[in-house]
Amino acid sequence: MKNNFLFLMIAVVAMFRVNAQNTDTKVILITLDGFRWQELFTGADSLLIGNNDYVHEADLLKEAFWRDTPRERREALLPFIWGQIEEMGQIHGNRKLESKVDLTNSMWFSYPGYNEILTGTADDENIRSNDKVPNPNTTILERYNSTPEGKGKVAAFGSWDVFPSIVNEERSGVPVNAGFEKATDNLNAKEEFLNELQDQIPSPWGTVRLDAFTHHYALEYMKKEHPKLVFISYGETDDFAHDGDYQSYLKSAHNTDALIKDLWEFTQQNDFYKDQTVYLITTDHGRGTEPLDTWRSHGSDINGAGSVWMIAFGENVQPKGEVDTEEQLYSNQIAATVLKILDMPIPKEIEGKPMKL
């Protein structure tokens, strides 16, 4: 009888431990700025990969990313997404299969897109430019940082230098490393090296640094501080597209796929994150397709620039793979989904509803 009672108590304790672990979920929210759903789902564009207006080494680019079928092309371009994430998560937004993800803001450019993703509500009245104006709206980063369980456990990293304003770093208290900012406080050897290297490697742009710096600053911070909610925005895809450089656009997307794999492998080897982390990946806006040159652009006057996509994988995410059934999702649902994952209440001012992952 005593042995049965002891066994029962051990089972109850084990159950509570499992439940405690399951409620300690972490979230990593990632964006690829301006990355089109067309390349995500079909790989290199046949109309662009050999076009001398946008590609300067067509033979090399085709060798790297051109294949006979759309599935083969997307696997060559994004091997982690289509080789591993597809098996363990969900990929939404292939409009050819009637899976649709759209913006609810009508601006269709970056600051409004990020505001919608991070706050759960479009604000076309106040967010109408990419100017460095502190966001009047409250992001989920700020909401979580204002709770006892989230205080000091939130961080944001971006390649674009407007993110301190989008997150409203001063008001929210959320640390933001973006643009050409360096790591600060209790630096390890790698962060000191990154700080030095960032000064020595020029970016092609005045407001956006190369994504490798954003990635490694985020990774080193996660190793040291173990934030429970992390936002990482990679920016190269959008800027190479604006430059009309399809070759670098594809190479950057391929590299970002590898960076996401690097993050995943780190979190799966780290006791704080392993099997307790949900990844959500999306983009702030789409791009055009017709006329052809509109692939470089976005905004309310560009047809298709409001069409986006969303990926989810990790703890308790049902492995649906590429969604091939009719659905309609919106970017404003991401914020509510993050709050639900973190077991936080969803304020009434958030318009988007949580997705069922």
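The residue numbers shown here count from 1 along each chain, following its written sequence. Totals for whole chains, interfaces and linings use every residue, but because this is a predicted model, local features are given only for residues with pLDDT of at least 70 and side-chain atom pairs only at 80 or more, for both listing and counting. Think of the side-chain values as coming from all heavy atoms in the structure, minus any hydrogens and water.

### A closer look at helix 6 (residues 110-119)
An α-helical turn contains 3.6 residues, so a residue and the one three or four places further along point in the same direction. Only protein chains enter the calculation, and the probe is 1.4 Å; a residue is then buried if its accessible area is under 20% of its type maximum, exposed if over 50%, and partly exposed in between. Every helix listed is a DSSP run of H or I at least four residues long, and every strand listed is a run of E at least two residues long, numbered separately from the N terminus. In terms of burial, helix 6 is a largely internal element, ten of the ten residues being buried. Every buried residue of helix 6 is listed here: Ser 110, Tyr 111, Pro 112, Gly 113, Tyr 114, Asn 115, Glu 116, Ile 117, Leu 118 and Thr 119. Immediately beyond the C-terminal end of helix 6, within one or two residues, lies Gly 120, with a positive phi of roughly 85 degrees.

### So, the sheet that holds strand 11 (residues 327-330)
We treat two strands as partners when DSSP finds at least two bridges between them. Pairing is mixed in the open sheet, where three strands are placed in the order 8-3-11. Since the sheet does not close on itself, it has two edges, and those belong to strand 8 (307-308) and strand 11, each with one partner. Pairing analysis gives four bridges linking strand 3 (residues 99-102) to strand 11, with the strands arranged parallel. Paired with Ser 99 across the bridge in strand 11 is Glu 327.

### A short note on the packing of helix 5 (residues 79-88) against helix 13 (residues 246-269)
Between helix 5 and helix 13, the shortest axis-to-axis distance is 8 Å and the interhelical angle comes to 45 degrees. Here helix 5 is positioned oblique relative to helix 13, judged by the angle of their axes. Along its contact with helix 5, which presents Pro 79, Phe 80, Ile 81, Gln 84 and Met 88, the element helix 13 presents His 254, Asp 257, Ile 260, Lys 261 and Trp 264. Residues of the contact of helix 5 with helix 13, tallied by class, amount to six nonpolar, two polar and two charged. What counts as an axis is a line fitted to C-alpha atoms, over the stretch in contact for a helix, and the angles between N-to-C directions run from 0 to 180 degrees. Should an angle fall under 35 degrees it is taken as roughly parallel, and over 145 as roughly antiparallel, whereas 65 to 115 is taken as roughly perpendicular and any remaining angle as oblique. Whether two residues touch is decided by their heavy atoms; if any such pair falls within 4.5 Å, the residues are in contact. Three categories are distinguished: nonpolar for Ala, Val, Leu, Ile, Met, Phe, Trp, Tyr, Cys and Pro, charged for Asp, Glu, Lys and Arg, and polar for the others, with Gly belonging to the last.

### Remarks on the side chain of Gln 198
Its place among the elements puts Gln 198 in helix 10 (residues 189-200). For Gln 198, a relative accessible area of 6% gives the class buried. Those residues in contact with Gln 198 that sit more than four places away from it in its chain are Gly 179, Phe 180, Glu 181, Lys 182, Arg 209, Phe 213 and Tyr 217.

Geometric values such as these leave the question of function open.
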